[in-house]
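Read off the chains here:
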Amino acid sequence: MKKPQTGQPMDRVDGRLKVTGGAKYFADHQPADMQFAALVCSTISCGAIASISTTKALRAPGVADVVSHLNAPPVPGYKKTNPGDKNGLQIFRDNRIYSNGQPVAIVVANTMERAVYAASLVEVQYNQETHYTNMEAGMDKAFQNNRMKDYSRGEINAWQKAPVTHSAQYTIPLEVHNPMELAGIIAHWTSPDTLTLYAKTQGVKSVQETIQELFEIPEQNITVHSRFVGGAFGMALRVWPLEIATILAAKKIRKPVKLVITREQMFTLVGYRPNSSQKISMGATADGKLTGITHEAVAITSPYEDFTEGIVAMTKFMYDCPNVNTRYQLVPLNMSTPIWMRGPGEATGSFALESAIDELSYKLKIDPLQLRILNHADTDPERNLPFSSKYLKEAYQIGAEKIGWSSRNPAPRSMQENGMLVGYGMSSGTFGAYRGKATVSAILKSDGTLTLQSAAADIGPGTATAMVQIAADVTGISPDKITFMLGESTFPYAPEQGGSATVSTVGSAVSDVCHALLKELANLAISQVPAFKQTTPELIIYEDGQLITADRQTKITHEALLQQQKLPEVKVTATSQGGEERKKYSMYSFSVHFAKVHVHPATGVVRIQHIVSVADAGAIVNTKTARSQMIGGVVGGIGMALTEEAILDHRFGRFVNNNYADYHVPVNADTPPTDVYFVNKKDPYINPMGSKGLGEIALIGFAAAVSNAVFHATGIRVRDLPITPDKLLHIVSTENATA
Amino acid sequence: MNPFSYVRPNSLKAAIDAMARDHSARFIAGGTNLLDLMKNGVTLPEKLIDINQLPLREIRQDGNTLHIGALVLNSDLAAHELVKTQHPLLSEALLAGASQQLRNMATVGGNMMQRTRCTYFYDTSMPCNKRQPNSGCGAIGGINRMHAIFGASDNCIAVHPSDMCVALAALDATVLVAGPKGERRIPFTDFHRLPGNTPQLDNNLAKNELITAVEIPPHPFTKHICYLKVRDRASYAFALVSVAVAMDISDNVIRNIRIAMGGVAHKPWRLPDAEKALTGKAPTSDNFRLAATIATQGAKTYAHNGFKKDLAFNSIQTALLKAATA
């Protein structure tokens, strides 16, 4: 038996293209006669456009048009709703302004520079109304969306009766995805009802679907290309108003139009992690058995959409606790709509839950790791189902050993190194292990190469590489003869790349289609090749691009089989999705994060020294790309813990740090050695590969590990992210400055 | 960005003449700040005078004085042997600033001329007296975590963002400038201004003058130096507070000392009273604490930058201790 390809650290199949500039991202495409666009965005946060003066802009060199609600082509899909319904921002439908930075016009010119300049000449007058951007001040408007109702099991607020209790408020500021690649689109109407789009998206099919609904043209008339994406982290999980604005501009001027937005506009046009406030209360017996948890969360949303995510999800099943109740409310503000940002709600919720567990452990005088193990949920207490697989305890053990957990002095502010306060902290994370529905086509050519096609996406994890490995194992075809093509709406359906589900969803379809292909080849051989006449598909051995009889006496290569029959190719398509197993088992991935930090006792500066992250994500398809994905998530977690915060001036409703210099994503110097370990045990039920998701758990829980480590180092509990020096300074002793 | 014309004179005189003819013009060298300002619509020059052809790239020893041409790149200056051996404080400060990529483009003169990073200055839809006199200060009633605690006025609480300039202020450098009336010398500590009633003026350079060089006089500060920069992320972040310390210690007595701070004022902030208090004293924690107390007296804080006074107090002591034990 050959060594399987899955589980190997195979190099990325598109790595060379990416590092040599050969990969074409959306903005690299250049349809003939393409024009360039720039947005004019609102400088008020609530009100209406009184007038738009375009005289100067239209006179500027190279300008083709200025498109706004005054002259935009109609969007037929808007008619299905009434203005003011919560149906999202219907760009250029009317003169209403809901948030600062909302696009009010799009300027098109024959160069980007000219478009940008002309946009600065558009004069907009507003009738300003009172705006609300401050969540704390808007708590009286908090409401509950039907998707996220109150949850309870056992007794409500049972924590109050426990002998040992902890209750505290945790806040997380608004965070922005800020991938390196800016958002935008190229829109090209090749006929009045035929549209080609080069998009930055996590799902070409969902773009196609949205455009079809809005413009009421046949699905097959909409072609969406998105083969490479320069990072997204969730911000490209939907079609945004900026893309509709570009499509409208292209329709109006009847030429292809490209828009790439600015870094500043990334803060207001493509979603964000909503700022939130969470109260966690928990109670335990004196020996550390949890008796009750109450989790109440509030987060912001826009005036025109209710954005919800899994903020309170983890609390419901993470620990074996008989009494749990949760509440999740939204506060609508004059802000654009949030969107899932890596780890999404679970990353938010885990900061509160995993900080609170740590706080409780000190009250109980029980090691925080021991407290978690003591309350480990062997079965899912929310759904009363067994887990399909759960190796969290192994993950705890690996992480503790690798970071040296047992050698820490558990007392806060007890450890020092070179004048720095030293702290160790840990946390856990979890996220649903999903499996959606996807279709893949497999085309085996008579030269022996296999091409797989599916409308999947790759925002960075290495989708195609993993798919090639899965296909190689099923078919016995060498990986260098297999190509996985994605990012085209003409390919068979795949969902968006989101929720850590691509390997599970698309990988299963790859596995299925490859099995179907082998069956097709077997039947071909059985019916046409004499030596195979007496066998069945199940008995045939598939190795090295050959069909081999069970007695190993006869072999035929795929090439020979197809050439013999004068077939240029064999094409098979298969659709795959999860079944009954999803009703019998609770399916989750788990992660464990350990961090060692240094805190400067005089300045309050936190520097992470060492990170150990362990994932229970089932069988790992590619240990190299999976490790990279874990490190990427951890870096996101470092930002969440220590540096990231988009700050609004509520007087204006405008961001004051909307650029890469002032909105601090971690740089290399913030990123210490990160050791990644995988439990790497197959989940027996989830999918043919036994692989659970990885992308979210890489980040989920991480911020709490850092915050817990900072507490251990300093004795100061920071419940308000990010942990910047000023938050430690006022409690750090000013008596004992040290070098 | 607005349309502009572009000239590239190859003599100092031609550069100054070009400026004299067009008052909306701007000199450009590395452009690491000016291009941002132009893209944001903060500065709208109709002409850019590219001075990169001018012979101002030399670092040389003039007797005991180090002469640094205005076009010397920040990265070259930080790595120069004479700077590393004679003025290590300057090298440290330079390396604490910006990112490697920016230091590879930014010049000495441009570093001095960079504008504040105050967000209200950069956002043309918010008020700012520095950008538009008499429009109000957005920061005073707004978000002011990064803002000044010393020398601010009711018109402006912006800070100067440079690290290099903090070291040059500590080292008593001199700025050489050329203008239509010839050359003149400005003590470095007099180069930048406090905001007062004219926050639109960052420095005392006349409109058509050009920085040609910076000179650093000889001094004994080669061992006991420290540039401490406290910031929100480990690199590529402006200082919350920075402290430059250079001292000369013999027989356990501080013979000579310079202290300057960044991130706290509209200009690099020298601490003459703290220097005086430590001169002739032993380098002890108690004396450093006293100096830090003196240095932070008179700090005025706003809604979000109250921590800066404590941070300055702690950071001064930390930097002094580090320098003394270096």
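- Going by the annotation in an unreviewed UniProt entry, the name recorded for chain B is Xanthine dehydrogenase family protein subunit M, with Chitinophaga eiseniae given as the source organism.

- If you check an unreviewed UniProt entry, chain A appears there as Xanthine dehydrogenase family protein molybdopterin-binding subunit from Chitinophaga eiseniae.

**Thoughts on the environment of Ile51 of chain B**
Residues and elements named next belong to chain B.
Right, so step 1: Within the element layout of this structure, Ile51 appears in the loop between β3 (47-50) and β4 (59-62).
Right, so step 2: The class for Ile51 is buried, based on a relative accessible area of 7%.
Right, so step 3: Separated by 272 residues in the primary sequence, Ile51 and Ala323 place their C-alpha atoms 38 Å from one another.
Right, so step 4: For Ile51, the contacting residues outside a window of four places in its chain are Ala15, Phe27, Ile28, Ala29, Leu71 and Leu210.

**Details of the UniProt feature "domain: FAD-binding PCMH-type" (unreviewed entry) in chain B**
Right, so step 1: The UniProt feature table records "domain: FAD-binding PCMH-type" (unreviewed entry) at residues 1-221 of chain B.
Right, so step 2: Taken as a whole, residues 1-221 of chain B contains 29% helix and 17% strand, while its terminal C-alpha atoms sit 45 Å from one another.

**Points about a negative patch on the surface**
Residue and element names in this part refer to chain A.
Right, so step 1: A cluster of acidic residues, Glu209, Glu213, Glu219 and Glu496, forms a negative patch on the protein surface.
Right, so step 2: Counting through the fold element by element, Glu496 comes out in the loop between β22 (482-485) and α12 (502-528).
Right, so step 3: The exposure class assigned to Glu496 is partly exposed, which follows from its relative accessible area of 32%.

**Remarks on the pattern of salt bridges**
Residues and elements named next belong to chain A.
Right, so step 1: Following the criterion strictly, the structure yields 41 salt bridges over all chains and no others.
Right, so step 2: A salt bridge links Lys681 to Glu394, with the nearest nitrogen and oxygen atoms 3.3 Å apart. Of the two residues, Lys681 sits in the loop between β31 (674-678) and α16 (702-714) while Glu394 sits in helix α10 (residues 392-403), which places them 287 residues apart along the sequence.
Right, so step 3: Residue Glu394 is classed as partly exposed on the basis of its relative accessible area, which comes to 27%.

**Thoughts on the interface of chain B and chain A**
Right, so step 1: At the interface, 36 residues of chain B touch 38 residues of chain A.
Right, so step 2: When the two sides are added together, the surface that chain B and chain A hide from each other amounts to roughly 3,000 Å², 60% of it contributed by carbon and sulfur.
Right, so step 3: By the criterion of area lost to chain A, the three top residues of chain B are Asp232, Arg233 and Asn314 of chain B, representing 20% of everything that side buries.
Right, so step 4: Across the contact surface, chain B and chain A share two salt bridges.
Right, so step 5: We note a salt bridge from Asp123 of chain B to Arg654 of chain A, for which the minimum N-O separation is 2.6 Å.
Right, so step 6: The tally of links from chain B across to chain A stands at ten residue pairs in polar contact (both at pLDDT 80 or more).
Right, so step 7: Of all the secondary-structure elements, those providing two or more residues to the side of chain B that touches chain A are α8 (119-122), β9 (224-231) and α13 (307-324) of chain B.
Right, so step 8: When its residues are assigned to classes, the side of chain B that touches chain A shows 16 nonpolar, twelve polar and eight charged.

Conventions and cut-offs
- Residues numbered from 1 in each chain as written.
- Chains lettered and ligands numbered in written order.
- Predicted model: local features only at pLDDT ≥ 70, side-chain atom pairs only at ≥ 80, totals over all residues.
- Heavy atoms only, no water.
- Helix = DSSP H or I, 4+ residues; strand = E, 2+ residues; numbered from the N terminus.
- Buried < 20%, exposed > 50% of the residue type's maximum accessible area, 1.4 Å probe, protein only.
- Contact = heavy atoms within 4.5 Å.
- UniProt positions renumbered as here; feature names shortened; annotations may be inferred.
- Patch = residues over 30% accessible without salt bridge, like charges linked within 9 Å, V, L, I, M, F, W, Y side chains within 5 Å.
- Areas by Shrake-Rupley, 256 points an atom, 1.4 Å probe, with all protein chains shown as cover.
- Salt bridge = Lys/Arg side-chain N within 4 Å of Asp/Glu carboxyl O.
- Lys, Arg positive; Asp, Glu negative; His and termini not counted.
- Charge placed at Lys NZ, Arg CZ, Asp CG, Glu CD.
- Buried area = accessible area lost by both parts, 1.4 Å probe.
- Polar contact = N/O pair within 3.5 Å; in protein donor to acceptor, adjacent residues only side chain to side chain.
- Nonpolar A, V, L, I, M, F, W, Y, C, P; charged D, E, K, R; others polar.

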